[in-house]
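# Examination of the molecular architecture
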Amino acid sequence: WYIPWRWFTIRGPTSLAGPILYLLTLPLQFYAASGLATSFYTFLVIASAAAIMWAGVSAGRCTAAFFVLLLTALTRPEGVIFCAFYCLWLGWRFLYKKESLKPFLPGIILFALLYDAFLAWRLSYYGMPLPNTYYAKGSFPLYVRGLIGFFINRGFFTNYTWYLFLLPFFFFVKITDVRRALPPLYLFIAAGFVFSLGFSSWDWMPYFRYNLPLVPLMIVCCQLLFAELWRAWAPTTGKKLLWAALTACILLVAGEQFWKDLAFNSRWRDL
């Protein structure tokens, strides 16, 4: 709710779209009580995106944002991929848009120094810089992991079909005055799915655990699309009715999946 409200000025009934989709996503609630790091990691991914939006081009704030990214990477090793994607985007802006990297350099240096120190400590203590599960999963050829990851992610979008609204998001959302606030959203979603394609296929836990940290950001994108289409179609009564009917269908599908997940959770508990 806060990201669309704070950086995209989403107000009124449309500001409830994101929270409602969140409530209807039972896996987020399942892992809140599972004892794993999934919920905390998800929080840090969202907090990193929000911190980047908040930071802008202020050197002090950018350093704070990179510290939140560091916490994400320390919580789960694949968290470093979010920082990597963000740095690649900054490099692209520097090369092709001639934007200065100066405000970001202190944060990048802080992240690199502290994360390298952490890896050196792990190496000295465990004898390896990453948890052994990463080596076990990474031992399979990339094409095998990618193929199975494709079917796993297809299952994710088959179950939670309303996230397919992300496809038209990039074409229909024209929030030009805050366009700079969007990159953390789609960069982090892309980073998470890149990892998910290679590693989530070997996870035995239910509810697409490796995709969950991306779900709140995907919900934000869906909410922005919802608000933009509502704004564009509201002056026309026919389109307003059509969009209201479509919204009801989306909520119905989400509610149906919530019930399916609840039933599966009961079976999982008994198992």
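Everything numeric here is computed off the predicted structure, so don't read it as measured data. (Residues numbered from 1 in each chain as written. Predicted model: local features only at pLDDT ≥ 70, side-chain atom pairs only at ≥ 80, totals over all residues. Heavy atoms only, no water.)

## A closer look at the side chain of Ser 196
Along the polypeptide, Ser 196 turns up in helix α11 (residues 183-199). For Ser 196, the side chain forms a polar contact with the side chain of Asn 211, separated by 2.6 Å. (Helix = DSSP H or I, 4+ residues; strand = E, 2+ residues; numbered from the N terminus. Polar contact = N/O pair within 3.5 Å; in protein donor to acceptor, adjacent residues only side chain to side chain.)

## Comments concerning the packing of aromatic side chains
Enumeration over the complete set of coordinates arrives at 33 aromatic pairs. On the basis of an interplanar angle of 45° and a centroid distance of 6.2 Å, the ring pair of Tyr 134 and Phe 199 is categorised as tilted. With Tyr 134 in helix α8 (residues 132-138) and Phe 199 in helix α11, this pair connects stretches of sequence that are 65 residues apart. Note on Tyr 134: relative accessible area 12%, which makes it buried. Grouped by ring-pair contacts, the aromatic residues Phe 156, Phe 157, Tyr 160, Trp 162, Tyr 163, Phe 193 and Phe 208 constitute a single cluster. Lying over the aromatic face of Tyr 210, Arg 209 brings its terminal NZ or CZ to 4.9 Å of the ring centre. (Phe/Tyr/Trp six-rings, centres within 6.5 Å; stacked < 30°, edge-to-face > 60°. Buried < 20%, exposed > 50% of the residue type's maximum accessible area, 1.4 Å probe, protein only. Lys NZ or Arg CZ within 6 Å of the ring centre and 35° of its normal.)

## A short note on the confidence of the model for the chain
In the predicted model, the chain carries a mean pLDDT of 87, and the fraction of residues at 70 or more is 94%. At the low end of the mean pLDDT range in the chain sits helix α10 (residues 166-172), at 67; at the high end sits helix α5 (residues 59-75), at 96. (pLDDT = per-residue confidence, 0-100.)

## Observations regarding helix α13 (residues 237-270)
Taking 1.5 Å of rise per residue, the 34 residues of α13 would be expected to cover 50 Å, and the 50 Å separating its terminal C-alpha atoms lies within 8% of that figure. Listed in full, the buried residues belonging to α13 are Trp 243, Thr 247, Ile 250, Ala 254, Gln 257 and Asp 261. Turning to α13, the residues buried within the fold contact α2 (17-23), α3 (26-32), α9 (142-159) and α12 (215-233). (Expected span 1.5 Å × (residues − 1). Contact = heavy atoms within 4.5 Å.)

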